[in-house]
Amino acid sequence: MQTIDLSELGLREVNKMLHAQAADTNQTSWTIENAKGSHAIACGLDAPIEVTVKGSTGYYCGGMNQQATINIDGSAGPGTGENIMSGKIVIEGDASQYLGATGHGGLIVVKGNASSRCGISMKGVNIVVQGNIGHMSAFMGQSGNLVVCGDAGEALGDSCYEARFFVRGSVKSLGADCEKKEMRPEHIEILQGLLDEAGFDADPSEFTRYGSARTLYNFDVDNAGAY
Amino acid sequence: MLALDSTTAALVEVFFRDLNMCGIVGLFLKDKSLEPKLGEMLTSMLITMTDRGPDSAGIAIYGGERAGQTKLVVQSDTPDTAFDGLDTKIGKVVGGTVSMKVSSTHAVLTLPAGTTAAARAALPEIDASLRVMSRGDSLEIYKEVGLPKDVAAQFDISAMSGSHGIGHTRMATESAVTTMGAHPFNTGDDQCLVHNGSLSNHNSLRRKLRRDGVHIETENDTEVGAAYLTWQMQKGATLGEALTSSLDDLDGFFTFVVGTKDGFGVVRDPIACKPAVMAETDQYVAFGSEYRALVDLPGIENARVWEPEPATVYFWSHDSAPTSSEKAA
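Residues numbered from 1 in each chain as written. Chains lettered and ligands numbered in written order. Predicted model: local features only at pLDDT ≥ 70, side-chain atom pairs only at ≥ 80, totals over all residues.

Enquirer: Would you take a moment to explain the overall build of chain A for this structure?
Expert: Within chain A, the regular secondary structure consists of three helices and 11 strands. Taken from the N to the C terminus, the helices and strands of chain A come in the order β-α-α-β-β-β-β-β-β-β-β-β-α-β. Against the compact-globule benchmark of 17 Å for 227 residues, chain A has a radius of gyration of 18 Å, which places it among compact chains. Dimensions along the principal axes, computed over C-alpha positions, put chain A at roughly 60 × 45 × 30 Å. Here chain A, with 227 residues, has 53% of them falling under the buried criterion. The long-range share in chain A, meaning contacts at least 24 apart out of those at least 6 apart in sequence, stands at 25%. (Helix = DSSP H or I, 4+ residues; strand = E, 2+ residues; numbered from the N terminus. Rg over C-alpha atoms; globule rule 2.2 N^0.38 Å. Buried ≥ 20, exposed ≤ 12 C-beta atoms within 10 Å, placed from the backbone. Contact = placed C-beta atoms within 7 Å.)

Structure, rendered in C-alpha cells:
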C-alpha cells in the first residue's frame, strides 16, 4: 500500500503519481492523507487502482474517473465525480452540489446526503444515495440510474430524457416532463443490483420509479409552428 | 476543460460559475476563552479563500463594546492629513471626548453614545477624502484593495479579539475594484453584509431605492443589497424579515452572511449556486464558502458540518438559541 501526504507533495505531484499507474500496476492500493478540502484530488485516473482519501475533499474529486475505485473518508465538495466514465466513487459523508454531473458510466455511492443538482445531465452513471438529495437533481438526465433511499428535493428530473430515478421517500416536486412510472420486475432487478453494489440494505419494493413523460424531447407535429 | 456536448457545456458553465466570484468566512464564538484568538482564526480562514477572491478583502469584527460609547470607523486614501487632529475636530462637533486609534488607512473613532449622526454629517467638511466604513457600538469594519494576506497584515487583524466576525475576499464582477466596492458593507448600526454572487436587478433596484431617498454611493451590486436591507429595516422589518423578503425582491445569485451585534445570519438564494458550508461545535459556529476555509479550526474533525439549505434564513445569536426558517414557496 502506498501512502502519500497531499500537504507535503502538492496536488500536481500526487495526481501525477496516480496517473502514472498502468493497467497492470502492482501498486493497486493508495492512501492520500491531509486532503483538507483541496480541489481536484485524484482527477482523471485511468487504472484499476483503489485510492482512499483521508478527510473531506473540495471541488471535483474523482472527476473524469475511469476504472479506479476512489473512497472519500469524509464529505465531498461540489462536482465530485464530474464526468465519471467508469469505476467507482464511495463517499462516507455528504456530497455537495452537482455530484456526478454529466457522468457517462461507473457508480457513485453516497452514505450521507447529496446536495442540489445531483446527477445533473447524467449520461449513464449510476448514483446511489443513502440519505436525501437536493433540488433540481438529475436535470436533463439522459441515461443511467439515480437511487435515493431518503427524500428528493424540488424539481426532480426536470427536462429529463431516459434516465431512471428510484426514490424511497418523498419527492418535494417533480420537474417539467418528469412523471411517476410503474415499477416492473426488470426495474426491481436493476434497483436490487444497484443497492447490492452500493452495500445498502433496502427493499426495492419500497421505492417509486420516476422518469421522462417524453413530451418535451419528442417532436410533436402540433408544435411545428413553433420552429 | 472537459469534452462535453454544447448544450451540456452551456448548462454546466452556469453551475461552474460558483467556482469563482468571492469567498466568505464567518466565525461566531460560543466559548469565551477563544475570544482573544478571533482575529487570528478569521485571518487564517480569510487567507485560505484567496483564490476565490484576490482583488480585495475585508473583515467585520465585533467586540470592545463600552457603556456610553459608540464607534465610527473611517477610511481615507490620504490618512496622514485626513486623520491629523480628527479626534479633536470631531470632539468639538459632538461636544464630548473622542478618542482615535489609527490603523493604516482606517481610523476607529470612539464617540459618546448617540453622537454618530452628528459626527458623520461633519466628515465631508473636515476632509473630503473621509469615508465611513462602519458605525456601531461593537462593530469595526476594515477593508482594502489587495490580497487577503496583505489586507489582514495591513490592519493586523490577527491581533484582534472579539466575539464574532465575518470576512470576505472579492473577485469583482459587477463593479470596479475599489475600497468602497470591497465587502463587508455596513447596513446599519452594528450591522453588516457580505455577499458571494451577483445581483442582476441591482440597477433597477438602485433607482427605486434612490427615489425613496436611500443613499447609495457606488455602482456595486452588493451595496444595493445592503441598502435594500437597511431600507426594509427602516420601514420596520426585523433583519430576519428583511432577509426573507430579499428572496423575493433580489434577482440573481447570492449567498449572504450578515453580522449583527449579537450574532450572524446566513441566507442563500433559492437556486443556491453559490457554495456554503457550516460547521458547529460546542465552541463555535463557522461559515465558509468552502470546507477548506474551516480545516484549521479546533476540533473540526468532530464538528457537525453541513450545507445551509436554499431559501432558508439561519441565525445564531449570543442571546438565544439558533433558528432557521424556510421561506414558504
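Enquirer: Would you mind showing me how to read the overall build of chain B here?
Expert: When you go through chain B residue by residue, the secondary structure sums to nine helices and 17 strands. Across its three principal directions, the C-alpha atoms of chain B cover 65 × 45 × 40 Å. Classification of the 329 residues of chain B by burial places 49% in the buried group. In chain B, the proportion of contacts linking residues at least 24 apart, taken out of those at least 6 apart, comes to 70%.

Enquirer: So what exactly am I meant to see when it comes to the domain arrangement of chain B here?
Expert: Often, the extent of an interface is quoted as the loss of accessible area upon association of its parts. Residues and elements named next belong to chain B. Each assigned domain of chain B is listed here: domain 1 (18-59 + 148-326) and domain 2 (66-137). Taken together, the contacts link nine residues of domain 1 with 10 residues of domain 2. Class assignment for the residues of the side of domain 1 that touches domain 2 results in three nonpolar, three polar and three charged. (Domains from an automatic or database assignment. Nonpolar A, V, L, I, M, F, W, Y, C, P; charged D, E, K, R; others polar.)

Enquirer: What's the story with the packing of helix α7 (residues 202-211) of chain B against helix α8 (residues 221-234) of chain B in this structure? I'm lost.
Expert: Residues and elements named next belong to chain B. Between α7 and α8, the shortest axis-to-axis distance is 10 Å and the interhelical angle comes to 40°. Taken together, the axes of α7 and α8 lie oblique to each other. Seen along the crossing, α7 lies across α8 with a hand that is left-handed. Across the interface between the two elements, His202, Leu205, Arg206 and Leu209 of α7 pack against Asp221, Val224, Ala227, Tyr228 and Trp231 of α8. Broken down by class, the residue content of the contact of α7 with α8 amounts to six nonpolar, one polar and two charged. (Axes fitted to C-alpha atoms, helices over the stretch in contact; angles between N-to-C directions. Parallel < 35°, antiparallel > 145°, perpendicular 65-115°, else oblique. Left-handed = near helix turned anticlockwise from the far one by under 90°.)

Enquirer: Even after reading the chapter, I still don't get the packing of α8 of chain B against helix α9 (residues 239-249) of chain B, so can you show me in this structure?
Expert: How two helices pack is summed up by the angle between their axes together with the distance between the axes. Residue and element names in this part refer to chain B. Contact geometry for α8 and α9: axes closest at 9 Å, N-to-C directions at 125°. Judged on the interaxial angle alone, α9 and α8 are oblique. Between α8 and α9 lies a crossing of right-handed hand. Taken together, the residues of α9 that come into contact with α8 (itself represented by Tyr228, Leu229, Gln232 and Met233) are Leu239, Ala242, Ser245, Ser246 and Asp249.

Enquirer: Would you take a moment to explain the nonpolar core for this structure?
Expert: Note on soluble globular proteins: their nonpolar side chains tend to be buried together. If you look at the biggest cluster of nonpolar residues, it comprises 85 residues, and the most contacted ones within it are Val25, Leu27, Leu42, Leu46 and Val257 of chain B. The leading source of residues in this core is helix α2 (residues 38-48) of chain B, at six residues. Both domains that furnish three or more residues to this core are identified here as domain 1 (18-59 + 148-326) and domain 2 (66-137) of chain B. Leave out the neighbours within four places in its chain, and Leu42 of chain B touches Val25, Leu27, Ile59, Ile157, Gly165 and Gly167 of chain B. With 66 residues, the next largest nonpolar core counts Ile84, Val129, Cys149 and Ala198 of chain A among its residues. (Core = buried A, V, L, I, M, F, W, Y, C linked by C-beta atoms within 7 Å.)

Enquirer: Explanation requested: α7 of chain B in the structure shown.
Expert: The periodicity of an α-helix, 3.6 residues per turn, causes residues three or four positions apart to be oriented the same way. Residue and element names in this part refer to chain B. Those residues of α7 that sit buried are His202, Leu205 and Arg206. The arc that holds the buried residues of α7, viewed along the axis, is 105°, so those residues lie on one side. Opposite the buried face of α7, at more than 90 degrees from it, the exposed residues are Ser204, Arg207 and Arg211. Looking at the buried side of α7, the elements it contacts are β10 (191-199) and α8. At the C-terminal side of α7, Gly213 shows a positive phi close to 85°. (Arc of directions from axis to C-beta.)

Enquirer: Help me out: how do you make sense of the sheet that holds strand β14 (residues 284-288) of chain B in this one?
Expert: Note on sheets: strands pair through backbone hydrogen bonds, and any given pair is parallel or antiparallel. Residue and element names in this part refer to chain B. Judged by pairing direction, the sheet is antiparallel, and its seven strands sit side by side in the order β7-β2-β8-β1-β14-β13-β15 without closing on themselves. Looking along the sheet, the strands with just one partner apiece sit at the ends: β7 (139-145) and β15 (304-306). For this sheet, the mean angle separating the axes of adjacent strands, direction not counted, is 10°. Where strand β13 (residues 277-280) lies against β15, three bridges are found, and the strand directions are antiparallel. Bridge pairing in β15 links Glu280 to Arg304. In this fold α2 packs onto β1 (23-29), β2 (56-62), β8 (164-170) and β14, with an angle of close to 155° to the strand it touches most, β1. (Pairing = 2+ DSSP bridges.)

Enquirer: Honestly, the sheet that holds strand β8 (residues 143-148) of chain A in this entry has me stumped. Any pointers?
Expert: Residue and element names in this part refer to chain A. In spatial order, the strands read β1-β2-β3-β4-β5-β6-β7-β8-β9-β11-β10; together these 11 strands make up an open sheet with mixed pairing. Whereas interior strands pair on both sides, the edge strands pair on one side only; in this sheet they are β1 (2-5) and β10 (178-181). Strand-to-strand twist across the sheet, computed as the mean angle between neighbouring axes with direction ignored, equals 15°. Here four bridges tie β8 to strand β9 (residues 164-167), and the two strands are oriented parallel to one another. Its bridge partner being in β9, Val148 is matched across the sheet by Val167. Here helix α3 (residues 185-198) sits on the sheet in contact with β6 (107-110), β7 (123-129), β8, β9 and β11 (208-212), set at roughly 70° to β8.

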